[in-house]
Amino acid sequence: MAAADNCLFCRIVAGEMGACIYEDDLVAAFEDIQPQAPHHTLIVPREHLASSAEFAPQHEALAGRLLLTAARLAREKGLESYRLVMNCGEEAGQSVFHIHLHMLGGRTFGWPPG
Ligand code: AMP
Ligand code: ZN
């Protein structure tokens, strides 16, 4: 699967650093290094895609797997209430340009987000 040079999350998915808590043929998950809630897991595609702006019809299964994996991990962690976030673009708060779905739980969240 294509990895991008100098992409932090490609390196994590490749097993070069950090420990994945879940892996399958399409996605991997690991704990956020700067957790914003008692539970903060990132679910990422194995394939390098910079942001959800790059999603195309051939990524339908991948997009579904990201969500299903988040729900599965939340269930395994015993979370009944949690928030899923995917920032797309700098203005939306994206800082790592390899798609990642945040799964946050274990505290109360405000709305709208800042
Ligand atoms: P975003 O701002 O939506 O792009 O989220 C990027 C997330 O990646 C942030 O929550 C960071 O704390 C997290 N992050 C950055 N470096 C690492 C790392 N080496 N391992 C795990 N999470 C990381
Ligand atoms: Zn990448």
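Residues numbered from 1 in each chain as written. Chains lettered and ligands numbered in written order. Predicted model: local features only at pLDDT ≥ 70, side-chain atom pairs only at ≥ 80, totals over all residues. Heavy atoms only, no water.

## Quick look at the overall build of the protein chain
- Within the protein chain, the secondary structure is distributed over 2 helices and 5 strands.
- Secondary structure elements of the protein chain, listed N to C terminal, follow the sequence α-β-β-β-α-β-β.
- Taken over the C-alpha trace, the protein chain has a radius of gyration of 14 Å; the compact-globule value for 114 residues is 13 Å, and the two agree within 12%.
- Nonlocal contacts in the protein chain, meaning residues at least 24 apart in sequence, comprise 57% of its contacts between residues at least 6 apart.
- With the model as given, the accessible surface of the protein chain reaches about 6,800 Å², and the carbon-plus-sulfur share is 51%.
- Taking the average location of the 8 positive side-chain charges in the protein chain and that of its 14 negative ones, the two points are 8 Å from each other. (Helix = DSSP H or I, 4+ residues; strand = E, 2+ residues; numbered from the N terminus. Rg over C-alpha atoms; globule rule 2.2 N^0.38 Å. Contact = heavy atoms within 4.5 Å. Areas by Shrake-Rupley, 256 points an atom, 1.4 Å probe, with all protein chains shown as cover. Lys, Arg positive; Asp, Glu negative; His and termini not counted. Charge placed at Lys NZ, Arg CZ, Asp CG, Glu CD.)

## Considering the environment of Gly78
- Examined against the element boundaries, Gly78 turns out to sit in the loop between helix 2 (60-76) and strand 4 (82-85).
- The class for Gly78 is exposed, based on a relative accessible area of 57%.
- As for Gly78 and Cys10, which are separated by 68 residues in sequence, their C-alpha atoms are 28 Å apart. (Buried < 20%, exposed > 50% of the residue type's maximum accessible area, 1.4 Å probe, protein only.)

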